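# Structure at a glance
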Amino acid sequence: MNIAVVGLSHKTAPVEVREKLSIPEPQLDAAIAHLLSYPHIEEVAILSTCNRLEIYLVATETQPGIREVTQFLSEKSKLPLQQLRPHLFTLIHDDAIMHLMRVAAGLDSLVLGEGQILSQVKQTHKLSQQYKGISRILNRLFTQALTAGKRVRTETSIGTGAVSISSAAVELVQMKVQNLSNYRVAILGAGKMSRLLVQHLISKGANQISILNRTLGRAKELANQFPDADLRIYTMSEMMSVMANSDIVFTSTSATEPIIDRAKLETILTQSQPLMLVDISVPRNVATDVNELAHIQAYNVDDLKAVVAQNHESRRQMAQEAEVLLEEEVQAFDVWWRSLETVPVINCLRDKIETIREQELEKALSRLGTEFADKHQEVIEALTRGIVNKILHDPMVQLRAQQDIEARRRAMQTLQTLFNLEPEKNSSQQYS
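This one's a predicted model, so the numbers in the text were calculated from it and none came from an experiment. (Residues numbered from 1 in each chain as written. Predicted model: local features only at pLDDT ≥ 70, side-chain atom pairs only at ≥ 80, totals over all residues. Heavy atoms only, no water.)

## A short note on the overall build of the protein chain
The number of helices and strands found in the protein chain is 16 helices and 10 strands. Here the C-alpha coordinates of the protein chain stretch approximately 100 × 50 × 40 Å along the principal axes. Counting every position in the protein chain, which comprises 432 residues, the buried fraction comes to 49%. Counting contacts in the protein chain only where the partners sit at least 6 residues apart, residues at least 24 apart contribute 73% of the total. Total accessible area on the protein chain stands at roughly 21,300 Å², and carbon and sulfur atoms take up 48% of it. Of the charged side chains in the protein chain, 46 are positive and 51 negative; the average position of the first set lies 2 Å away from that of the second. (Helix = DSSP H or I, 4+ residues; strand = E, 2+ residues; numbered from the N terminus. Buried < 20%, exposed > 50% of the residue type's maximum accessible area, 1.4 Å probe, protein only. Contact = heavy atoms within 4.5 Å. Areas by Shrake-Rupley, 256 points an atom, 1.4 Å probe, with all protein chains shown as cover. Lys, Arg positive; Asp, Glu negative; His and termini not counted. Charge placed at Lys NZ, Arg CZ, Asp CG, Glu CD.)

Here it is, written out as structure tokens:
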């Protein structure tokens, strides 16, 4: 049994490939159920963000499990395997464990040290539990990764002033225009990314901001978070008229297909009317054919790399400090993982002692007589269980805590010999 991760990210695949593999939250339940239906996959968690899709799995057999995930991704994206494979990465056990730690800490993000990814990993953990995708192993791994991410945020300075995708998008616009206060800005969507867009736009001097959302209530909630700003709100049904009166449009909606294309823009804009489109959604909200219009400047998340590069170098030293902390968390998980090989022996010992307890209890109760046994059985039952638990407690704790692998295995062998135990064949090696 092994842990693995199969996925792709901003490092391995362009946005046009990533968007084909994006799995929105409402589809996670079905995707997890599909993956668990494969014969070699025991546990699964899916991390899907604008910059990555990663499937973490516990496989009974590593390579067959990885092949099953790869097949799933091919079917999901409708891309042939030979076309998809160059964009995928696969990491096994130690590498997969460290990778999740780095992801949670923001060290694998497009924006080094960004904080939003930690909440996305936390949401992945929560939903994977909710949809019964993870059990003992991945639950422990994600818990350890979240601890690692929090430690990096609190014990290093990597998050100080760290830019997000939203702030990078605003910086990109600033590289193209002189003064944001002179431009009319529209934001499509009212989620977390849009909130950050508003925050950064206001800090950079923008004062003509319109927010559009499918529901007006959500747009109002966002506007209410900035009581000192004059934010105008609209529904998406007014999108074209608002865009016609905007100079810059940011898109950050959960739409799975483009909501802006060349044909729509041609109906609202004159041939000389300029418009800047900054699409930070995956899947993309803006179709590629808008680039055919000479007066349109269109950018997507992959265009943010130049902005991010300017901030990356100053964080490199902080990232090295963070790596030291992550090594500690990986080691802590590894100690727990290796302790799992004691589980079959411990379970076998407990079952044997429990069988003895039940047999001896039954003999004792029969000697005490029916009336006494019926009256005091619960007390005697609790007494004998308590004795067994206290006797087994220290050996079990010491066996699990033993970090020397050979010493632990000698101790397990001694237990098996002394108590004549026969754990399930090969079960003690399945976590090695």
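So that's the structure; there's more coming.
## Overview of the UniProt feature "binding site: substrate" (unreviewed entry) in the protein chain
The residues that UniProt annotates with the feature "binding site: substrate" (unreviewed entry) are T49, C50, N51, R52, S109, E114, G115, Q116 and Q120. Here the residues from the annotation list that line the largest pocket are T49, C50, N51, R52, S109, E114, Q116 and Q120. Structurally, the position occupied by S109 is in the loop between α5 (94-105) and α6 (116-130). With sequence-adjacent residues up to four places away left out, S109 is seen in contact with H10, R52, E114 and I117. Considering the arrangement of structural elements, one finds Q120 in helix α6. (UniProt positions renumbered as here; feature names shortened; annotations may be inferred. 1 Å grid on protein atoms, 1.4 Å probe; cavity = no way out; pocket = protein on both sides within 12 Å on 5 of 7 lines; lining within 4 Å.)

## Some thoughts on the confidence of the model for the protein chain
Of all residues in the protein chain, 96% have pLDDT values of 70 or greater, and the mean over the chain is 90. When mean pLDDT is compared element by element in the protein chain, strand β8 (residues 248-251) scores highest at 98, while helix α16 (residues 405-418) scores lowest at 80. (pLDDT = per-residue confidence, 0-100.)

## Focus: the side chain of D279
Along the chain, the position of D279 falls in strand β9 (residues 275-279). Within the buried set, D279 has no salt-bridge partner at all; the shortest N-O distance to an opposite charge, 5.7 Å, is to R284. In terms of polar contacts, D279 uses its side chain to reach the backbone amide nitrogen of S281, at 3.0 Å. Apart from residues lying up to four places away in sequence, D279 is in contact with T251, R284, N285, V286, Y299, N300 and V301. (Salt bridge = Lys/Arg side-chain N within 4 Å of Asp/Glu carboxyl O. Polar contact = N/O pair within 3.5 Å; in protein donor to acceptor, adjacent residues only side chain to side chain.)

## Observations concerning the sheet that holds strand β3 (residues 52-59)
The antiparallel open sheet is built from four strands, whose spatial order is β2-β3-β1-β4. The open sheet is flanked by β2 (41-49) and β4 (89-92), the only strands paired with a single partner. Neighbouring strand axes in the sheet, compared pairwise and without regard to direction, differ in orientation by 15° on average. Here strand β1 (residues 2-9) runs beside β3; their pairing, made up of eight bridges, is antiparallel. Paired with I3 across the two strands is V58, which belongs to β3. Strands β2 and β3 of the sheet are contacted by helix α2 (residues 25-36), whose axis makes an angle of about 145° with β2. Here helix α7 (residues 136-155) sits on the sheet and contacts β1, β2 and β3; the angle it forms with β2, its principal contact strand, is near 35°. (Pairing = 2+ DSSP bridges. Axes fitted to C-alpha atoms, helices over the stretch in contact; angles between N-to-C directions.)

## Some details on the layout of surface pockets
Each pocket or cavity is described by its volume, and for the largest pocket that value is around 1,400 Å³. Built from parts of two domains, the lining of the largest pocket gets at least three residues from each of domain 1 (1-160) and domain 2 (164-298). There is about 300 Å³ of room inside the second largest pocket. What lines the second largest pocket is a set of 14 residues, among which E19, K20, T256, E257 and P283 lie closest to the centre. Tallied by class, the residues present in the lining of the second largest pocket amount to five nonpolar, four polar and five charged. (Points joined across faces, edges and corners; volume = space filled by probe spheres on them. Domains from an automatic or database assignment. Nonpolar A, V, L, I, M, F, W, Y, C, P; charged D, E, K, R; others polar.)

## What about a nonpolar patch on the surface?
A cluster of nonpolar side chains, contributed by L383, I387 and I391, occupies part of the molecular surface with about 310 Å² of accessible area. Of note, L383 is situated in helix α15 (residues 370-401). (Patch = residues over 30% accessible without salt bridge, like charges linked within 9 Å, V, L, I, M, F, W, Y side chains within 5 Å.)

## Focus on the pairing of β2
Here is the key point about a regular strand: its side chains alternate between the two faces of the sheet. Counting buried positions along β2 gives seven out of nine residues, so the element sits mostly inside the fold. The pairing of β2 with β3 spans eight bridges and is antiparallel. Bridge pairing links E43 to V58 in β3. Linking two consecutive strands that pair antiparallel, namely β2 and β3, is a turn of two residues.

## Section: the sheet that holds strand β6 (residues 209-213)
On the basis of which strands lie adjacent, the open sheet formed by six strands has the order β7-β6-β5-β8-β9-β10 and parallel pairing. Looking along the sheet, the strands with just one partner apiece sit at the ends: β7 (231-235) and β10 (296-300). Averaged over neighbouring strand pairs, the angle between their axes works out to 15° when direction is ignored. Across five bridges, the pairing between β6 and β7 is parallel. Looking across to β7, one finds that S210 is bridged to R232. Packed onto the sheet, helix α10 (residues 216-224) meets β6 and β7 and runs at close to 165° relative to β7.

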